[in-house]
Structures are given as C-alpha cells and as structure tokens.
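Spelled out from the first residue to the last, the chains are:
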Amino acid sequence: MTERNVLLEVKDLKIQFGGVKAVDGLSFTVHEQEIVSVIGPNGAGKTSAFNCISGFYKPTSGNIILQGTDITGWRTANIAKAGIARTFQNLRLFPDLTVLDNVRAGMHLYGGQNFLDAILHTPRFKRNERFLTDEAHRWLDFVGYEGPRGVSVSNLAYGQQRLVEIARALARKTPLILLDEPGAGLNHGEKAQLLDLVRRIQALGMAVVLIEHDMGLVMEVSERIVVLNFGKEIADGLPADIKANPAVIEAYLGRDDDEEEAAQIAADATQFGIGTSAIRTQKPRKEGKE
Ligand SMILES: Nc1ncnc2c1ncn2[C@@H]1O[C@H](COP(=O)(O)OP(=O)(O)OP(=O)(O)O)[C@@H](O)[C@H]1O
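The shown structure was predicted, so the numbers you read here are calculated from the model rather than taken from an experiment.

1. What about the nonpolar core?
Counting 69 residues, the largest nonpolar core has V103, A167, L176, I177, V208 and V209 as its most contacted members. Top contributing element to this core by residue count: helix 6 (residues 158-170), with six residues. No fewer than three residues from each of domain 1 (1-83 + 177-258) and domain 2 (94-173) sit in this core. Apart from the residues lying within four places of it in its own chain, the contact partners of V209 are V30, V36, V38, L176 and L178.

2. Some details on the site of the ligand
The local shell around the ligand consists of F17, V20, A22, G40, N42, G43, A44, G45, K46, T47, S48 and Q89. Counting only elements with at least two residues in the shell around the ligand, the list comes to strand 2 (20-31) and helix 1 (46-53). A per-element tally of the shell around the ligand places helix 1 first, with three residues. In the shell around the ligand, the residues fall into four nonpolar, seven polar and one charged.

3. A look at the confidence of the model for the protein
Per-residue confidence for the protein gives a mean pLDDT of 85, with 82% of residues at or over 70. Taken as a whole, residues 274-290 scores under 50 in pLDDT and shows 18 contacts with residues more than four places along the chain or in a different chain. Complex prediction metrics read pTM 0.84 and ipTM 0.94.

4. Observations regarding the domain arrangement of the protein
If you check the domain split of the protein, you get domain 1 (1-83 + 177-258) and domain 2 (94-173). Distance from the C-alpha centre of domain 1 to the C-alpha centre of domain 2: 27 Å. Listed by partner, the interface residues are 10 residues for domain 1 and 10 residues for domain 2. Secondary-structure elements contributing two or more residues to the side of domain 1 that touches domain 2 are helix 2 (76-82) and helix 7 (188-204). Ranked by the residues each element gives to the side of domain 1 that touches domain 2, the list is headed by helix 7, at four residues. Taken together, the residues that form the side of domain 1 that touches domain 2 break down as six nonpolar, two polar and two charged.

Basis of the calculations
Residues numbered from 1 in each chain as written. Predicted model: local features only at pLDDT ≥ 70, side-chain atom pairs only at ≥ 80, totals over all residues. Core = buried A, V, L, I, M, F, W, Y, C linked by C-beta atoms within 7 Å. Buried ≥ 20, exposed ≤ 12 C-beta atoms within 10 Å, placed from the backbone. Helix = DSSP H or I, 4+ residues; strand = E, 2+ residues; numbered from the N terminus. Domains from an automatic or database assignment. Contact = placed C-beta atoms within 7 Å. Near = placed C-beta within 6 Å. Nonpolar A, V, L, I, M, F, W, Y, C, P; charged D, E, K, R; others polar. pLDDT = per-residue confidence, 0-100.

Following this line, the structure appears as structure tokens:
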C-alpha cells in the first residue's frame, strides 16, 4: 500500500482519577485509512484513552493532534466536527427515537438547517429533511441493518442496536471513527459481518481505531495493535509481532492463580493462536519464589 499521511497522533497521554493512573503515557499514531486496535486486559485504560481522544474526559497531560491540529481538551461536539466519530461500549442511542431518527441525529452537525427554516417548514427545510432521511437509509444499508426502521431502537435486538450506532457514527462522515468493543455481545455470524464492515469502512477512506476483546477479530482485522496494561503502553506493532510479544502474553496470561482463570487463559490463548505450552514457557517466574 502507498505511504499514508498521519491522521491522529496521541502523545504521552495521561489521565488520573484520584490515585488511579487510568492511562499513564500512551503514544500512538493512526494513518489515513488505517485499522488500529487498542487491546489490553480489563481496566487497562482503553476506554479512558478513547474518552480523552473524543473529548469526554480532559487528559491530565499529553497531546492529541488531529490532522496537525492540537485538539487536546476540546469539547466533544467540536472534536466530532473536527473529524472524530465514535461508538460506545454501552450503547448510547436515544431509546425512544426510531432507528431512522437515531441515525439522522448523527447528521445534525452538517444538516445546514436554521431555526426559521424549521419553524416555517420552508422548501429548504423540506429538502434538507429529505436529504437527511435518504442519507440515514443509505448508512443503515451500508452497515447491513436489515430490521425495521420506523420503530424505536429500544425494541431491537442488541446486535441490531450496535449496527444502528455504527451507522449513526458513520453518518458524520469523519476521517476517523473510534469503535469501543463493537464485537461485545455479538454472535459468531454477527462478528463475521462486523469484520467485513470494518474493512468496508476502511475502503470508504476512513481510519478505524477499535477497542476489542475478541482476539480472533483483532488479529484478523488490525493492521497495527497497541497494547495497554495498567494504563501503560507495553507494545505497538504488527499483529504477528504482538502475538509473539512476551510482555503481551504475560499481561494477558500471567494471572492464572485459580482454576476459573486458568480456563479463561486457555481460551484466550487459543484466540491468540498460541499453544498453552508456549505460554507456560513464556510466563515469567513469580518474584521471590526461586
Ligand atoms: N470516571 C472514572 N472515575 C474513576 N475511575 C475511573 C473512571 N473511568 C475509568 N476509571 C478507572 O480507570 C481504570 C481504567 O478503566 P478503563 O475503563 O479505561 O479500562 P478498560 O481498559 O477500558 O477496561 P474494560 O476492558 O474493562 O472496558 C480502571 O481502574 C477504572 O476503574
């Protein structure tokens, strides 16, 4: 692939809540049309990092540069206008609005309506409304949403709600979209559909940064992977390198103190494509034991 321009730079990002250093020095770069995953065990700081990048949290220190502009600490709406759309781990749709209106709500940023047009229902207002509705249908088609569109979203199955949320974010037509655990709660078929969707989003010209726990999905779709553990960045590299990185394996797998955890470790290891014997040899000895 040809050389791509830098789109987003995260530089030494830190955010602290009281004594908890949720993100403690995260730096990574996203290029135009790149697919990057941010992974790490529960509580590693992934969502906090997304919240800083999208303006929901103000970082304690560090910088977020989008297309050469320092957007650190900007308000969420301004960051969205500048070019970052996102979805949420716990969906944030308007439960009482219809599917179509939820997606239309994502477009109000570039709707071009003014107050008088809306009150007087001018031809411009009507034209604009038609445009928004057509666009909303187009994005719902794009994400592969096949359910009803005139019902309130609260009536939909979880997987369908996820698609609506992605359609809403895409409708903003930003160069970068952040997806926070898009695979959570999806069945096998829906995950395959998601993988294809992320690639089609890239083909539109957008960059995608995703937080995801499904390692099969991550390894398959990512061009690059950034790994966080206890707020610290422990690796940034190609999927094949991340899979073989001892610090990453330790972060995920070096916690097998009880049987339930050991079973989870084996499952995670399979997702990584690593044999458990390989893990044992990679696992560092506990300090003070020998
Ligand atoms: N608003 C907040 N106030 C206080 N602590 C917070 C806040 N948000 C996150 N944290 C803490 O920061 C740490 C990182 O949490 P975060 O949700 O970013 O991790 P994560 O990697 O996204 O985890 P998961 O994979 O479970 O979603 C945790 O210790 C969490 O309790």
